[in-house]
Amino acid sequence: MKVVSGNPDPEHVSTSYVERQNLSMRMGMRRFTRLTNGFSKKYENHAHQVALYFFHYNFCRVHKTLRVTPAMEAGLTDHVWTLEELCSLIPQVNPIQRIDKKLILKALRKTA
């Protein structure tokens, strides 16, 4: 990563881009608002959701002003990623754990 530093002119400094990104993230993920049930209780879950949001935002979502994804504009990819491609990056869960979870849920439903 290249570090860029300098002496910017205060007349031309603007936080508009950062504020717009914060608003987009807040509106796109309700877990940033405390008024919903979707807020993150664990930091790890919150970090994973933020990573998923930004990956989708940059690789899967076509932006109106660019007419392509930001990743395509930056030359990182040559196509718009589908949600299936995004999900294929998630490590697979051990099938035995999945079966155990299903059996447990089934048993709990029978006792209820």
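## Structural notes on the packing of aromatic side chains
Inference 1: Taken as a whole and judged by the stated rule, the model has 5 aromatic pairs.
Inference 2: Ring geometry for Phe-55 and Phe-59: centres 4.4 Å apart, planes at 10°, overall stacked. Highlighted residues: Phe-55 and Phe-59, both in helix H2 (residues 43-60), separated by 4 residues, approximately one helical turn.
Inference 3: For Phe-59, a relative accessible area of 16% corresponds to the buried category.
Inference 4: When the centroid spacing of 5.4 Å and the interplanar angle of 70° are considered together, the rings of Phe-59 and Trp-81 count as edge-to-face. One end of the pair, Phe-59, is in helix H2; the other, Trp-81, is in the loop between helix H3 (70-73) and helix H4 (83-88), and 22 residues separate them in sequence.

## Structural notes on H2
Inference 1: Under the 1.5 Å per step criterion, the end-to-end length of H2 is 25 Å for 18 residues, consistent within 8% with the ideal 26 Å.
Inference 2: Those residues of H2 that fall on the buried side of the exposure criterion are Val-50, Tyr-53, Tyr-57, Phe-59 and Cys-60.

## Digging into the side chain of His-63
Inference 1: Mapped onto the secondary structure, His-63 falls in the loop between H2 and H3.
Inference 2: In this structure, His-63 is in contact with Tyr-57, Val-68, Thr-69 and Pro-70, ignoring residues within four places of it in sequence.

## Section: the environment of Gln-21
Inference 1: Relative to the helices and strands, Gln-21 is located in helix H1 (residues 16-28).
Inference 2: In this structure Gln-21 touches Tyr-53, Phe-54 and Tyr-57, once residues within four positions along its chain are discounted.

## Some thoughts on the confidence of the model for the chain
Inference 1: Here the chain averages 81 in pLDDT, while 79% of its residues score no lower than 70.
Inference 2: By mean pLDDT, helix H5 (residues 95-111) is the weakest element of the chain at 64, and H3 is the strongest at 94.

Rules behind the numbers
- Residues numbered from 1 in each chain as written.
- Predicted model: local features only at pLDDT ≥ 70, side-chain atom pairs only at ≥ 80, totals over all residues.
- Heavy atoms only, no water.
- Phe/Tyr/Trp six-rings, centres within 6.5 Å; stacked < 30°, edge-to-face > 60°.
- Helix = DSSP H or I, 4+ residues; strand = E, 2+ residues; numbered from the N terminus.
- Buried < 20%, exposed > 50% of the residue type's maximum accessible area, 1.4 Å probe, protein only.
- Expected span 1.5 Å × (residues − 1).
- Contact = heavy atoms within 4.5 Å.
- pLDDT = per-residue confidence, 0-100.

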